[in-house]
Amino acid sequence: MNERPTENSWIPLIVVACASFIIILDKSFMNVSISHIVVDLNTDVSTIQMIVSFYTLITAALILFSTKLQDIVDKKKLFIIGAILFGIGTFTTVISLNTIMFFIGWSAIDGVAGALMLPAVVSIISGTYSGKKRTFALATVAIVTAIADVFAPLLGGVITTYFSWRYTFAVELIIIFFILGMQNKIPNFKPTESKNDLDIIGAIISIVGLVLLVLGILTLNNKVNISIIEIVLGLLVLVTFIWYELKRKRTGKVPLLDVDLLRDKNLRVGVSIKLLYNLIISGTLFVLVLFFQSVWQLNPFDTGLATIPFCMGLLIFSLIAPRLIGKRNHKRILAIGCIISIVGCLILSYQFKLNTTMFDLIPGQFLLGAGLGFMMALTVDVALFDIPAESQNNASGIVSTGDTLGSSLGTAIIGIILILGVVGGISTAVDTYAPSYSGDVHFHQEVYNHFQKLDTIDTQDSIAVNTADIIIQNTMASVMYVLAALLGVILILTMWIKNKTIK
């Protein structure tokens, strides 16, 4: 196989990997800073959950459009534009005075920036490297992501606890300056399509469908009837999008999404696994942080320490996974990862009790992260293995959409399960642990407010605090069962992976 001109240099890999690194930093910094942001911006958990979900939703909704722009504008230019926008959004986040300004900077501008950068990361790597070098490069990005997952909570925790949550986001600007300074090391890619090939209608339909779907999930805890309507409409709009794209291709026009690519079994399975494992990772971190900061009253630094076992599992096993290729095939490694993570979830489901300590959660967290580390390192390679060079951009857009949509749905779905569990468990818990307050609407509201405000509100009733903590602990066990069930779905999906041999 002939090497590509820039294939002997790893500098392009380093530069684009930095983009993945800061995007993970962005989400991790947000997670450990939740309690401080709630206080500083005078908001609550549900609002923060909405902001977190919309960050990844905006990214997911625009990725297919961004991917097509790469073919028209040049993936390198789009990547650099994304980096500049990310810097602007991050600066806006740093100076935010309220949740609206925070949403604009963090969710909206950074979300658009992520949509421009993420598919470019995969397609630049695929366009720069091939064969074993591409496998190594894709695994390296996954490893960089895992490293960010490990160190971001600690770094964000230290800065938030001893300085301000605003400075955590300012750290990202340093990396943006590095990316912009090294942009000349990224190879140029000639546009392969014209502006006339841009599918504006398809982009609008896909965006509307995804927004309706996630918005419906996010509002399930207080507007069930409207939420169901939004979810159904979202699914119908997405089906319409698929129909429109097929019709567009049949008439000889360039579709936003080449649906025929999904005929490739490994792409379908790889994207499905990537969506589900990102859903699990983002959902797990969101509910763990809420548990640590609400029930254990940990500050951001200690919260970062408490999540280390999970993140270390991700890092260590994402490093091990690529080394196992050759000794074991992708299907077997991913299946083993699923089983390890399921065991971790089942162990954790028994650990959320009144006398639970940080050490009790270490084995379960580590095993859950370890199994997910296998998936993190190898799923993209599985998805893109049989995709021809001319379709790499489109396929990478599909992969990135699944990635970010999974993150958005994870915070939405797993967060909603936790919130609904808390709401639904209030009456039973009050009757059991505080029977003298049965039917006391004010007391019930005080219990709920303790959860929503992460105990940052003043309350004279310690019974309300204790009752809320018990409800959250009970609900965490149910969340672990849901995660185990999702991992079971991934295990079934691995059976459809076509084994591959790296040349």
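You'll find the structure just up there.
Residues numbered from 1 in each chain as written. Predicted model: local features only at pLDDT ≥ 70, side-chain atom pairs only at ≥ 80, totals over all residues. Heavy atoms only, no water.

Caption draft 1: Local environment of the packing of helix 6 (residues 131–162) against helix 12 (residues 308–324). Contact geometry for helix 6 and helix 12: axes closest at 9 Å, N-to-C directions at 165 degrees. With respect to each other, helix 6 and helix 12 are oriented roughly antiparallel. In terms of crossing hand, the pair formed by helix 6 and helix 12 is left-handed. When helix 6 is examined against helix 12, the residues Ala139, Ile143, Ala146, Ile147, Asp149, Val150, Pro153 and Leu154 are found in contact with a partner set consisting of Ile308, Cys311, Met312, Leu314, Leu315, Ser318, Leu319 and Pro322. For the contact of helix 6 with helix 12, the per-class residue count stands at 14 nonpolar, 1 polar and 1 charged. (Axes fitted to C-alpha atoms, helices over the stretch in contact; angles between N-to-C directions. Helix = DSSP H or I, 4+ residues; strand = E, 2+ residues; numbered from the N terminus. Parallel < 35°, antiparallel > 145°, perpendicular 65-115°, else oblique. Left-handed = near helix turned anticlockwise from the far one by under 90°. Contact = heavy atoms within 4.5 Å. Nonpolar A, V, L, I, M, F, W, Y, C, P; charged D, E, K, R; others polar.)

Caption draft 2: Region of interest: the nonpolar core. In terms of nonpolar packing, the biggest core is built from 139 residues, with Phe79 and Leu372 touching the most fellow members. Sequence-distant contacts of Leu372, defined by excluding residues within four places in its chain, comprise Tyr277, Ile280, Ile281, Phe310, Leu314, Ser341 and Leu487. (Core = buried A, V, L, I, M, F, W, Y, C linked by side-chain atoms within 4.5 Å. Buried < 20%, exposed > 50% of the residue type's maximum accessible area, 1.4 Å probe, protein only.)

Caption draft 3: Region of the structure containing the packing of aromatic side chains. The final tally for this structure, using the stated rule, is 11 aromatic pairs. Between Phe317 and Phe366, the ring centres sit 6.0 Å apart and the planes meet at 70 degrees, which makes this aromatic pair edge-to-face. With Phe317 in helix 12 and Phe366 in helix 14 (residues 362–384), this residue pair connects regions lying 49 residues apart in the sequence. We classify Phe317 as buried; its relative accessible area is 18%. The partly exposed category is assigned to Phe366, whose relative accessible area is 28%. Among the aromatic residues, those joined into a ring-pair cluster are Tyr55, Phe102, Trp106, Trp165 and Phe169. (Phe/Tyr/Trp six-rings, centres within 6.5 Å; stacked < 30°, edge-to-face > 60°.)

Caption draft 4: A look at the environment of Ala108. Within the secondary structure, Ala108 is located in helix 5 (residues 99–128). Ala108 gets classed as partly exposed once you look at its relative accessible area, which sits at 22%. Setting aside anything within four residues of it in sequence, one finds Ala108 in contact with Ile58 and Phe103.

Caption draft 5: Fine view of the environment of Leu62. Within the secondary structure, Leu62 is located in helix 3 (residues 45–73). For Leu62, a relative accessible area of 22% translates into the label partly exposed. For the pair Leu62 and Ala203, spaced 141 residues apart in the sequence, the C-alpha separation amounts to 7.7 Å. Ignoring anything within four residues of it in the chain, the contact list for Leu62 reads Val112, Ala115 and Ile207.

Caption draft 6: Representation of empty space enclosed by the protein. Within this structure, the stated rule accounts for 2 cavities of 30 Å³ or more. Considered as a void within the structure, the largest cavity measures approximately 640 Å³ in volume. Ile24, Lys27, Thr145, Asn278 and Asp403 are the residues nearest the centre of the largest cavity, which is lined by 35 residues in total. Looking at the lining of the largest cavity, the elements that each hand over two or more residues are helix 1 (11–32), helix 3, helix 5, helix 6, helix 10 (265–294), helix 14 and helix 15 (392–433). Classifying every residue of the lining of the largest cavity by side-chain character gives 18 nonpolar, 13 polar and 4 charged. (1 Å grid on protein atoms, 1.4 Å probe; cavity = no way out; pocket = protein on both sides within 12 Å on 5 of 7 lines; lining within 4 Å. Points joined across faces, edges and corners; volume = space filled by probe spheres on them.)

Caption draft 7: Just a nonpolar patch on the surface, in detail. On the surface, Val224, Ile228, Ile229, Val232, Leu233 and Leu236 cluster together into a nonpolar patch covering about 510 Å² of accessible area. For Leu236, the position within the fold is in helix 9 (residues 224–250). (Patch = residues over 30% accessible without salt bridge, like charges linked within 9 Å, V, L, I, M, F, W, Y side chains within 5 Å. Areas by Shrake-Rupley, 256 points an atom, 1.4 Å probe, with all protein chains shown as cover. Salt bridge = Lys/Arg side-chain N within 4 Å of Asp/Glu carboxyl O.)

Caption draft 8: Expanded view of the side chain of Thr93. Structurally, Thr93 can be placed in helix 4 (residues 75–94). Discounting residues that sit within four places of it in the chain, Thr93 has contacts with Phe102, Gly105, Trp106, Trp165, Arg166 and Phe169.

Caption draft 9: Examining the layout of surface pockets more closely. Reported here for the second largest pocket is a volume of approximately 420 Å³. Along its surface, the second largest pocket is lined by 17 residues, and Ile242, Leu257, Ile398, Thr401 and Leu405 are the ones closest to its centre. Every element with two or more residues in the lining of the second largest pocket is listed here: helix 8 (200–218), helix 9, helix 10 and helix 15. Ranked by residues supplied to the lining of the second largest pocket, first place goes to helix 15 with 5 residues. Partitioning the lining of the second largest pocket into residue classes produces 12 nonpolar, 4 polar and 1 charged.

Caption draft 10: Seen up close, the pattern of salt bridges. Inspection of the entire model under this criterion finds 5 salt bridges. For Arg248, the salt bridge identified is with Asp199, shortest N-O distance 3.8 Å. With Arg248 in helix 9 and Asp199 in the loop between helix 7 (165–181) and helix 8, this residue pair connects regions lying 49 residues apart in the sequence. When the shortest N-O distance is used, the salt bridge between Asp258 and Lys249 registers 2.8 Å. On the accessibility criterion, Asp258 (16% relative accessible area) is buried.

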